[in-house]
Protein chains: 2
Amino acid sequence: MPNINLKNLAKELGVSISTVSKSLKDSHEISTETKERVVAYAKKIGYSPNPYAGFLRHHKSKTIALIAPELNNNYFIQAISGAETVAQEKDYHLLIYCTNDDFQKEASILKDLTNGRVDGVLISLTSNTISYDHINNLINAGIPVVFFDRVCHEIETAKVTTDDFTSGFNATEHLIKKGCKNIAFISASENLSICNKRKQGYLEALAKNNILENPNRIIVCDSDETNNAQKIKDLFQSDIKTDAVFASIERLALTTYNVCNELNINIPKDKKIICFSNLRTAALLNPSLTTITQPAFEMGKQAAIILFKSLEKKKIKIFNENIILKSELIERNSTK
Amino acid sequence: MPNINLKNLAKELGVSISTVSKSLKDSHEISTETKERVVAYAKKIGYSPNPYAGFLRHHKSKTIALIAPELNNNYFIQAISGAETVAQEKDYHLLIYCTNDDFQKEASILKDLTNGRVDGVLISLTSNTISYDHINNLINAGIPVVFFDRVCHEIETAKVTTDDFTSGFNATEHLIKKGCKNIAFISASENLSICNKRKQGYLEALAKNNILENPNRIIVCDSDETNNAQKIKDLFQSDIKTDAVFASIERLALTTYNVCNELNINIPKDKKIICFSNLRTAALLNPSLTTITQPAFEMGKQAAIILFKSLEKKKIKIFNENIILKSELIERNSTK
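Computed from a predicted structure; not experimentally measured.

S.K.: Is there a simple way to explain the confidence of the model for chain A in this structure?
M.R.: Here chain A shows a mean pLDDT of 90. Residues at 70 or above account for 94%. Here residues 51–59 of chain A scores under 50 on pLDDT; set against residues more than four positions off or in separate chains, the count is 20 contacts.

Printed below as a string of structure tokens:
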């Protein structure tokens, strides 16, 4: 309820703003009866006092939040590092939240941030974020939001992504040029815009090269890696013709490596593998992993720069724009 | 200057607390002359108003900070995750700061936290933290501190570490049992207690097995990886007898792998490698890496539990104790 503030509360209760404020602070100046009435009503309508309100009137919280679906992922660590560089320059604090790819957790974190703990938010969505009220509420509460990587196109604000469609197309053409014809695509989610764009690129490259699309070779995974491993194993065992895997995100490539090891499948002889990844050890893997490497640091940095521009202009509504940075295909032994 | 507060300021200036408070808020109720005098004096003595003071009197900031020297390191990601679990349970926010292993940055972050932005701090020091005033100032300002992993024994509070000496001893004995006699130890810093304890374990294992210690085989690295790679290369080229490397921290093992690739040195035939690491891809490397794996998640969790115990008891001074958790040696192909 973004429009509940001390003023409205006072009006509803027929008392002064100062009485409401003092009641909520349990002041000795207010009678117990009044205090109880104010607190009960505030509780009833879900009013949560802004802990830093006094501070905000004069200064701002000097804090922004970055919300990521996972931290155990080099993409997000590098993006955080990029955002942190900007925050430091601006003498701001950076709160980092991890949703563990859980939509409920994402909603609860954002709800909590509406009270003014932060001045703005950088967010990369969970793979199961299917409604956006929690984001709209945050913006309505006066907290500007910038998306990076896992974005939501339904909300009008700035979004920093990489060229997912083109990179998906290039990754698939790379495999085709290496002689692969039965290429599987492993998606992290059907909801994520990045996965869908990467898949579109994959389908387009197949079509352009007159390769018939096979729906069995498109696997949708989630955050349960044991389950994902089983899905990939099932594919490899039911469809032995599969000669390549294009993994949409980093951890799915590692799961594919583990499955290949378990089933004694040789990479790249039996199956070639390419994936979106900022893995620091990509070159040291057995075999070294061909990656589409996102400009993660730059993406975090750009997202933060846009957010600070709006904070400096005291604008809550950020111009609806897509900033698209280029990823790089780095060929290594997994597609030799 | 932890003892400067509104009360003292008012006393020094010969005005009321309310006048100081209103002056610092640029209130129209106070004359310009008085405001200028108050602000100038506050500035002179370095008084930084506590932005959340009003909030703190009634609630607390409901935030703790975790300060890590690097984020691009699986140990710290897992430790953060452990601390976050506890913070969430307690309905607290977790601020994450990365010092990039820079002592000046660490000092500046801590200085900034003395103003009450957080209720407590979990910290793992940089490898060049050689004085501790910034930590003592924080504790004196009423913010309890718990160390994890990279600790400082000079300060009396709780420290959560792993069994560094024993693990260093076991790692070295593991290499000796595999037939190695000319084992190099690569330290991340001469200042870090964890590196020194791991080195002590290494030296003790050599002595126990009647192997003469060779000071040339003890290399001290820093955060400059190009420089570190050169140091390791110099060792391998000047002392070809070196038959094993014990790396004290994760990124130094990856640097050693890169150097071996560059010099066409076969791991494990020419040189065996073991290291402290929580690398997710350890088993997928070429060759898979033998690690001493720290209970990182548990260490972050324990550190947070101790901090919250003190917060709940409203105690700033935390009992001086060493909590030592066990690491695990996981044998893989790099020491076969």
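S.K.: Could you clarify how one ought to interpret the sheet that holds strand β6 (residues 183–187) of chain A in this entry?
M.R.: Sheet strands line up and pair through hydrogen bonds in the backbone, either parallel or antiparallel. Residues and elements named next belong to chain A. Read from one edge to the other, the open sheet built from 6 strands follows the order β7-β6-β8-β9-β10-β12, with strand pairing classed as mixed. Only two strands of the sheet have a single partner each, and these edge strands are β7 (218–220) and β12 (328–330). Shown here is a sheet whose adjacent strand axes are inclined to one another by a mean of 15°, direction ignored. Pairing of strand β10 (residues 290–293) with β12 involves 3 bridges; the strand directions are antiparallel. Looking at the pairing, Thr-291 lines up with Ile-330 of β12.

S.K.: Honestly, helix α2 (residues 17–24) of chain B in this entry has me stumped. Any pointers?
M.R.: Each turn of an α-helix holds 3.6 residues, which means side chains three or four residues apart point in the same direction. All names here are of chain B. Residues Thr-19, Val-20 and Ser-23 constitute the buried set of α2. In a view along the axis of α2, the buried residues occupy a sector of 100°, so they form one face of it. Looking at the packing, one finds that the buried side of α2 touches α1 (6–13) and α3 (32–44).

S.K.: Could you clarify how one ought to interpret the domain arrangement of chain A in this entry?
M.R.: The extent of an interface is frequently quoted as the accessible surface area lost upon association of the parts. Here chain A is partitioned into domain 1 (6–49), domain 2 (57–162 + 296–327) and domain 3 (164–294 + 329–335). Here domain 1 of chain A and domain 2 of chain A have C-alpha centroids that lie 33 Å from each other.

S.K.: Explain the sheet that holds strand β8 (residues 244–247) of chain B here, please?
M.R.: Residue and element names in this part refer to chain B. Read across the sheet, 6 strands follow the order β7-β6-β8-β9-β10-β12 without closing on themselves; strand pairing throughout is mixed. At either end of the open sheet lies a strand with only one pairing partner, and these are β7 (218–220) and β12 (328–330). Within this sheet the neighbouring strands show an average axis-to-axis angle of 15°, counted without direction. Direction of pairing for β8 relative to strand β9 (residues 272–276): parallel, over a ladder of 4 bridges. Its bridge partner being in β9, Val-245 is matched across the sheet by Ile-273.

Criteria and cut-off values
- Residues numbered from 1 in each chain as written.
- Chains lettered and ligands numbered in written order.
- Predicted model: local features only at pLDDT ≥ 70, side-chain atom pairs only at ≥ 80, totals over all residues.
- pLDDT = per-residue confidence, 0-100.
- Contact = placed C-beta atoms within 7 Å.
- Pairing = 2+ DSSP bridges.
- Helix = DSSP H or I, 4+ residues; strand = E, 2+ residues; numbered from the N terminus.
- Axes fitted to C-alpha atoms, helices over the stretch in contact; angles between N-to-C directions.
- Buried ≥ 20, exposed ≤ 12 C-beta atoms within 10 Å, placed from the backbone.
- Arc of directions from axis to C-beta.
- Domains from an automatic or database assignment.

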